[in-house]
Every structure is written in structure tokens, then in C-alpha cells.
Amino acid sequence: MTSKRDSEILVHTGPGTPMGELMRQYWIPACLSSELAADGAPLRLMLLGERMIAFRDSQGRVGVMDHRCPHRCASLFLGRNEQGGIRCVYHGWKFDVTGQCVDMPNVLPHEDFKHKVKARAFPVVERAGLVWAYLGARAVPPPLPEFEAARLPADQLRVFCVQRECNWLQALEGDIDNSHFGFLHGGLVKPEDYAPDNRGRYMATHRAPTYGITDTPWGTMYGAHRPAEPGQRHYRFAHFLFPFWTMPPDGPFVDHIVIRAWVPMDDTHTMMVQMVWKGTSPPFSRTAKDGTPLPGTQPNDAFLPNTSDWFGRWRRASNPSNDYLIDREVQSRSSYTGIQGVDNQDQAVTESMGPIVDHAFEHLGPSDRMITTTRRRLIRAAKAWKSDGAVPPCLDDPQAALGARSGDFAAPDTVDWREAYDREMAAGIFPTVAARAAE
Ligand code: FES
Ligand SMILES: [Fe+2]
């Protein structure tokens, strides 16, 4: 059981909290590059409980800064994104993307002190179709993350965001909670519904997998396996990577270059940011052997229009206000949830726990050991950073995360789970090798 004190450490990410300070040591994916147009409207951003704006200047450079003007705290969201900077509409002070005040037109020239004024701006880098911000205290930020997907050029990636209305940890834990697949997503699907070559059959036949779980240099990982063809096991591997990343298991391991960030906007809203290599193979077929779609598994990616509200970006159209469009008749007949779309189902259950899950109410079991292992690892790292400044995992050696890949495959049942992983890694497709060579 997670104690109240540990639970408090895990769920709070605002300034000064142990987990918030741990996260601030890492580069954070703040928004999509495509959300910012040169000289366009600034974007309201919530990151780790702080209100910020992002804007792109006339030269295409991006600024991420506290939304408050350092003069009298009017919001720079209302500002004019003018030639080379953002101008506060209250008294006209103007700031470049580094936060430097470059114009102070409401004071006489001999009283001008603009060179002494800086907005609270953060280092920014654009990479892999994303704007990354560094919120930590180092004068020289750490190296950028070296996750395989994050090393690919933007045109080789599909990058998108989805907001969840709940705490970051419960949202993230959905990706490392393996045993839910055979219930939430496929609880009424029978093994014989699948075509003989559909790997989903193994999960319908054996709904309680066996786990191998371990700490890794980048965080934690699990391999969940169940019997497959005679002499074979079917594996699903997934990872947690510091500080808020997951590699989910849903796709063929060999080319599954997918990573997700679960970025706390505040303690009750999370932005999932996903990068997928365009060469990644689709997950096992969601079609039954008779050619009909497996109930509930068809994508349902309708979004509400983005607004300029602090929490107005990337919200699903099926959401708590409409009970995720649950269809009770379909639920009683064919779909376990009555909710359409695997991602919607994940969204529904994690949000249904409440804005911040009450860990004291949980009864975690053997199937939740990846979750308890990951929580322990996070708590250890947050405490070690707070108490003696211990450098958190992968911060200064981000290439260590290149040992992580997720996905599913079959392997002989005589091979240990860790060895099965290493063999599959050695046989994987690595497009980043070519991408890096071309740089
Ligand atoms: S409050 Fe921004 S210029 Fe005065
Ligand atoms: Fe799921």
C-alpha cells in the first residue's frame, strides 16, 4: 500500500514539491510546434501548475515564459506578438523570446531601465515536432532526451496531444497496468472470435499473465507473458521512463517506436504527448475472423475545438460530461464497456477514479507490481533529489534510455523473460541510426 506521505509526494507537482522539483530537472514537452505561428497569437500553457504563455516571434524563434508581465503582472496572453517580441498591452513593455525587455515606452529615455528587466522565460528547443522547455535551475540545461522517437525528424513522426482530466500518475499508470487489456478493451471477445493468426487470441485465452518486472537505468520495465503456440510464449513489454514517460506495449516490438509523455498541467489535468514513428506497424488486428470489427475497439478520436482557456487544448468529445457516450445496450450485448475506442476506454477509467486518486482506498494485488515498483522508484528519486541533490536517472546520460522499447512478440518458452527482451532488441529495426547518420 502507498502511504499517505508517499502518496502526497507522488501526486503533487507544483513549484517546491518534491515530485515537481524532480520533473523540473528534465526537458518537458510543452506543446506542438504546429500550435505556434510566427507573429501569431500566444498560447496559454499550464505546466506543472504554473501559468505560462508560448509564442513564436517574427524570426520563428519560440518563447515560453510566465504569463505575467514583470512590470505589474498583467497577462502577456493579451499581448501583441509584434516584430521580434511580445508587447504587454498594459504599458507597452516588450520582451523577446529570452524574456529580455527590449522596449519600455512608458518611461522617459533617461529613466529607461529595460536592460535590467527580464520576464521569467525558460530555455526552449524545438525537436521532433515539439516545443521543449526546461524549467529547472541549472544555468546550462541538461542534454535533451534521447528516446528513439525523440531523435527522429518531425516529418518521420506522428505527434499529437490528448488532455486527461485527472492527476498525471493515474493517467500514466494506465500504460503500465497490463492486465486490464483482456477486460477493459476485450472483456467479451472470445478466443475463437479471432483469426488463427491474430495475436490478440492469446490475451483472450489467458487473461491473467505472468510478469517479470525490474528497475532499469531509465526507470522500470515489465514483460507480461502468457502461453502462445506450443513451446512459445506471447510477450508484451512496456516501460516507465523518468520522469513521466511511458512506452506502451500495443504493437509489434520489432519496429514499435512509440513514446508518450504524461505531462502534469496541474495536479488534476494531464497532457498526454505522443510521438509515433510513421514506419511503426499497427497493433494486432481489431477485426474478428468474420471480418467485423471487434466491439468497442474502433478508434474514436473526435475532439472538441481547442479554445484559448488554460485547459482548452486537446479535449476529447467523449468525456465525463456525456459519460464517454457509453451505450448500455451495446455493453449488455457485445462490448465490455459500451464505450467506443481503446483510448477512450483508458481515458474513462482513469478519469473515473476522481481528480486525484485516493491511494488509501486501493487494494493493489500481484497484477499491480509494475505500478508499485514504479511508484517506489519515483519516490526514491524525488526524495534523493530533495535531500542531497542526487542526479535523477538518465538526466545527464539520456542515451541510457535507448535500451528501452515496448511491444509484443512470441519467444520460446525455454528462454528467460529478460533474455527474450534482449534478443528481440537485437533483432529490432532502428530508423534513428539512419536518421542520425544523415545529420
Ligand atoms: S503590466 Fe505589462 S507593461 Fe505594465
Ligand atoms: Fe488500455
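The preceding data block contains the structure.
What you see is a predicted model; the values in this text were computed from it and never measured.

1. Digging into helix H1 (residues 4–11)
Here is step 1 of the chain: Among the residues making up H1, those that are buried are Asp6, Ser7, Ile9, Leu10 and Val11.
Here is step 2 of the chain: The elements touched by buried residues of H1 are helix H2 (18–24), helix H3 (168–173) and helix H8 (369–388).

2. Description of the coordination of the iron ion (ligand 2)
Six octahedral donors around a metal ideally subtend angles of 90 or 180 degrees, whereas four tetrahedral donors ideally subtend 109.5 degrees.
Here is step 1 of the chain: Around the iron ion (ligand 2), the protein contributes the donor atoms His180 (NE2), His185 (NE2), Asp346 (OD) and Asp346 (OD), which lie 2.0 to 2.7 Å from the metal centre.
Here is step 2 of the chain: Note that the iron ion (ligand 2) binds four donor atoms; their angles at the metal cover 53 to 152°, and the shape is irregular.
Here is step 3 of the chain: Mapping the donors of the iron ion (ligand 2) onto the primary sequence gives the spacing H-x4-H-x160-D. Of the two residues, His180 and His185, neither departs from the other in class, the shared state being buried.

3. Things to note about the environment of Gly99
Here is step 1 of the chain: Relative to the assigned elements, Gly99 resides in the loop between strand E7 (94–95) and strand E8 (101–103).
Here is step 2 of the chain: On the accessibility criterion, Gly99 (0% relative accessible area) is buried.
Here is step 3 of the chain: Through-space distance from the C-alpha of Gly99 to that of Pro123 is 9.9 Å; in sequence the pair is 24 residues apart.
Here is step 4 of the chain: The residues contacting Gly99, other than those within four sequence positions of it, are Met65, Val117, Lys118, Ala119 and Ala121.

4. Looking at the environment of Glu126
Here is step 1 of the chain: Here Glu126 is to be found in strand E10 (residues 124–127).
Here is step 2 of the chain: The class of Glu126 is partly exposed, set by a relative accessible area of 35%.
Here is step 3 of the chain: Expressed as a C-alpha distance, the spacing of Glu126 and Trp245, which sit 119 residues apart in the sequence, is 18 Å.
Here is step 4 of the chain: Here Glu126 is in contact with Ser33, Arg56, Gly60, Val62 and Val131, once residues within four sequence places are set aside.
Here is step 5 of the chain: Within the local environment of Glu126, its side chain forms a polar contact with the side chain of Ser33, the two groups lying 2.5 Å apart.
Here is step 6 of the chain: Of the polar contacts made by the side chain of Glu126, one reaches the side chain of Arg56; its length is 2.8 Å.

5. Description of the layout of surface pockets
Here is step 1 of the chain: Taken as a whole, the largest pocket holds about 980 Å³ of empty space.
Here is step 2 of the chain: As for the largest pocket, its lining consists of 43 residues, and the residues nearest its centre are Asp250, Arg260, Gln274, Pro283 and Asp343.
Here is step 3 of the chain: At the level of secondary structure, the elements contributing two or more residues to the lining of the largest pocket comprise strand E12 (157–164), helix H4 (181–185), strand E17 (258–266), strand E18 (269–277) and helix H7 (342–352).
Here is step 4 of the chain: Ranked by residues supplied to the lining of the largest pocket, first place goes to H7 with five residues.
Here is step 5 of the chain: For the lining of the largest pocket, a count of residues per class yields 16 nonpolar, 14 polar and 13 charged.
Here is step 6 of the chain: Taken as a whole, the second largest pocket holds about 380 Å³ of empty space.
Here is step 7 of the chain: Forming the walls of the second largest pocket are 20 residues, and the residues nearest its centre are Glu173, Asp177, Met353, Asp368 and Ile371.
Here is step 8 of the chain: When residues of the lining of the second largest pocket are traced back to their parent elements, those giving at least two are H3, H7 and H8.
Here is step 9 of the chain: With three residues, H7 is the single largest residue contributor to the lining of the second largest pocket.
Here is step 10 of the chain: Grouping the constituent residues of the lining of the second largest pocket by class yields six nonpolar, eight polar and six charged.

6. Brief notes about the sheet that holds E10
Here is step 1 of the chain: Strands sit in the order E1-E11-E10 across an open sheet of three strands; the sheet is antiparallel. A single partner strand is all that each edge strand has here, and the edge strands are strand E1 (27–32) and E10. Strand-to-strand, the axes of this sheet are offset by a mean angle of 35°, without reference to chain direction.
Here is step 2 of the chain: By the bridge criterion, four bridges tie E10 to strand E11 (residues 130–134) in an arrangement that is antiparallel. Across the sheet, the residue bridging to Val125 is Trp132, located in E11.

Quick notes on the rules
Residues numbered from 1 in each chain as written. Chains lettered and ligands numbered in written order. Predicted model: local features only at pLDDT ≥ 70, side-chain atom pairs only at ≥ 80, totals over all residues. Heavy atoms only, no water. Buried < 20%, exposed > 50% of the residue type's maximum accessible area, 1.4 Å probe, protein only. Helix = DSSP H or I, 4+ residues; strand = E, 2+ residues; numbered from the N terminus. Contact = heavy atoms within 4.5 Å. Donors = N, O, S within 2.8 Å, 3.2 Å for Na, K, Ca; no water. Tetrahedral: all angles 85-135°; square planar, octahedral: opposite > 155°, others 65-115°. Polar contact = N/O pair within 3.5 Å; in protein donor to acceptor, adjacent residues only side chain to side chain. 1 Å grid on protein atoms, 1.4 Å probe; cavity = no way out; pocket = protein on both sides within 12 Å on 5 of 7 lines; lining within 4 Å. Points joined across faces, edges and corners; volume = space filled by probe spheres on them. Nonpolar A, V, L, I, M, F, W, Y, C, P; charged D, E, K, R; others polar. Pairing = 2+ DSSP bridges. Axes fitted to C-alpha atoms, helices over the stretch in contact; angles between N-to-C directions.

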